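Chain residues, written in single-letter form:
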Amino acid sequence: MVPGAEHKHALSRDLDSNLAQLERVMAIEENFDIIKRELIIGGKKVALIFVDGLTNDEIVTLVLKHVLELGDRDLSIDAFEKLFSRHLNFLEVNPAEYLEDIVNMVLSGPLVLLVDGSNRAIIMDARIYPARSPDEPDLEKVVRGSRDGFTETLVFNTALIRRRVRDSKLRMIYMQAGSRSKTDIIISYIEDIANPGLVNSIKEKVKHIKIDGLPMAEKAVEELITPGSYWNPFPRVRYTERPDVAAMHLLEGHVLVLVDTSPSVIIAPSTFFHHLQHAEEYRQSPMVGAYLRWVRFAGIAISLLLLPLWLLFALHPGLLPPALAFIGPAEVGRVPLIVQFLIAELAIDMVRMSTIHTPSPLATGIGLIAALLIGDIAITVGLFAPEVVMYIAAAAIGTFLTPSYELSLAIRLVRIGLLVLVAAFSWVGLLVGLGAFIVSLAFMRSFGVPYLWPLIPLNFKALLSVLIRAPVPITNTRPGILHPQDPDRQVLAGAAHKPWRPGRGKKKK
């Protein structure tokens, strides 16, 4: 008996009885988009049930064109087996025995064929989803490199990964979550590289998701499989919409989680430094890539520390050496500096959100209004000090330099917290805030991996590869913190021309 089958309802041999059960469960007559078509094939009564818009009508028409020409003698004995094995000239055909399986399949897109006199149904996966082309993602653009990106259609996304990793060990494990949404989820990994403990942990977490639906797709899945991180703004998984980035992480030993209806793929586990990397660094020469990485690091550091430090020195100029005495506003303005910073931070977020919700032709106009009208007038009437606007702009640029959108928002919240601590407790507040920030990150873990690795715990070789974009020829090993089964990335000298054989490449005992 199939596991779990004792809780399912088996089909009857009577077609009318089966249709009555399906009508009761799916309300076929009430739902305009659920189509029921009754036909006579080879003297047998059959019924087709499918969802309009999710089934490819052209394919189904071509398949049925042949079976509708069958005579009574063709299906007089064992009609189901003959239809299934001989006459349905379609590749993706499977049998189904239970009512619940048929309901799930129909609502997912495949077509169901019920035959009178048989207690089994035929599932034809001729589904077609509304889909867009795999365009380059807006958040991860590169100057050079591929222009394709993930879409909202799961099978397209798995194909984009398979195109880049043509390994027989690449696994795409299908799962479902959501008692009502029945959301399709794929767990992807390379079997002889990824840590089996990590793979099983993610599978178990997805398997035990107990919720009615996942309309928010990957973000809801993230919160459900990373418990305890709800009120922590720092992301414990990395998102990507680029197939090349996803494939690269697979080869390192990471596990991908793909959720249907989402163009973002979850990469697990991920550290703080994973969120600081960008594909552009690997599309340029190592020297240029290292330079771009350090520019990005500097921008992120500026976005976090520039405003709290400037506010500290502006409020307490005695902390500055004589050579830096010019730091600080000549005129504070009519509003306290801390209030100016908080208002400016909120204003930037308002502009950002308004541009997201505004049609593209008008987004530029909103930026001009914010910069020229609001900002310039605020300085002119004395509400804001000019230096405040300048430093806020510099911090905003640093925020936009952060490759991970989720990390940039988290750093923004930390920056606001540091501003409040500096205004309340001077340099003591800044040191305590920074200390709490570092300690909280040091205790964070992503699926068992320390969040600040390779800095804490220190791994000098791995830290060097984080700070400097290493050339591909000397990138010989995978990240040790992932505990990959196969730690070596490059074939050793002298082994390049050995013929392939089954089982080769496994980790040596």
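All figures in this text were calculated on a predicted structure; none of them were measured in a lab.

(A) Layout of unusual backbone geometry. Across the junction of Trp453 and Pro454, the peptide omega takes the value 10 degrees, indicating a cis bond. The linkage connecting Ile456 with the following residue, Pro457, adopts the cis geometry, with an omega of -5 degrees. The residue Pro457 is located in the loop between strand S12 (449-450) and helix H14 (460-467) in this model. Positive phi, close to 50 degrees, is recorded for Ala217, a residue that is not glycine. Within the secondary structure layout, Ala217 lies in the loop between helix H6 (196-207) and helix H7 (218-225). At Ser426, a residue that is not glycine, the phi angle is positive and equals roughly 60 degrees. Looking at the secondary structure, you find Ser426 in helix H13 (residues 405-443).

(B) Fine view of the sheet that holds strand S7 (residues 183-190). As summarised here, the arrangement of the five strands in space is S6-S7-S9-S10-S8, forming an open sheet in which the pairing is antiparallel. The open sheet is flanked by strand S6 (170-177) and strand S8 (238-240), the only strands paired with a single partner. Taken pair by pair, the neighbouring strands of this sheet meet at an average axis angle of 25 degrees, ignoring direction. Where strand S9 (residues 255-259) and strand S10 (residues 265-268) come together, three bridges link them in antiparallel fashion.

(C) Main features of helix H10 (residues 337-356). Taking 1.5 Å of rise per residue, the 20 residues of H10 would be expected to cover 28 Å, and the 29 Å separating its terminal C-alpha atoms lies within 8% of that figure. For H10, the full list of buried residues reads Leu337, Ile338, Gln340, Phe341, Ala344, Glu345, Ile348, Asp349 and Arg352. The buried residues of H10 occupy an angular sector of 165 degrees when the element is viewed end-on, so they sit on one face. Looking at H10, the residues exposed on the side facing more than 90 degrees away from the buried face are Leu346 and Met350. Contact partners of the buried residues in H10: helix H9 (286-315), helix H12 (386-401) and H13.

What counts, and where the lines are drawn
- Residues numbered from 1 in each chain as written.
- Predicted model: local features only at pLDDT ≥ 70, side-chain atom pairs only at ≥ 80, totals over all residues.
- Heavy atoms only, no water.
- Helix = DSSP H or I, 4+ residues; strand = E, 2+ residues; numbered from the N terminus.
- Pairing = 2+ DSSP bridges.
- Axes fitted to C-alpha atoms, helices over the stretch in contact; angles between N-to-C directions.
- Expected span 1.5 Å × (residues − 1).
- Buried < 20%, exposed > 50% of the residue type's maximum accessible area, 1.4 Å probe, protein only.
- Arc of directions from axis to C-beta.
- Contact = heavy atoms within 4.5 Å.

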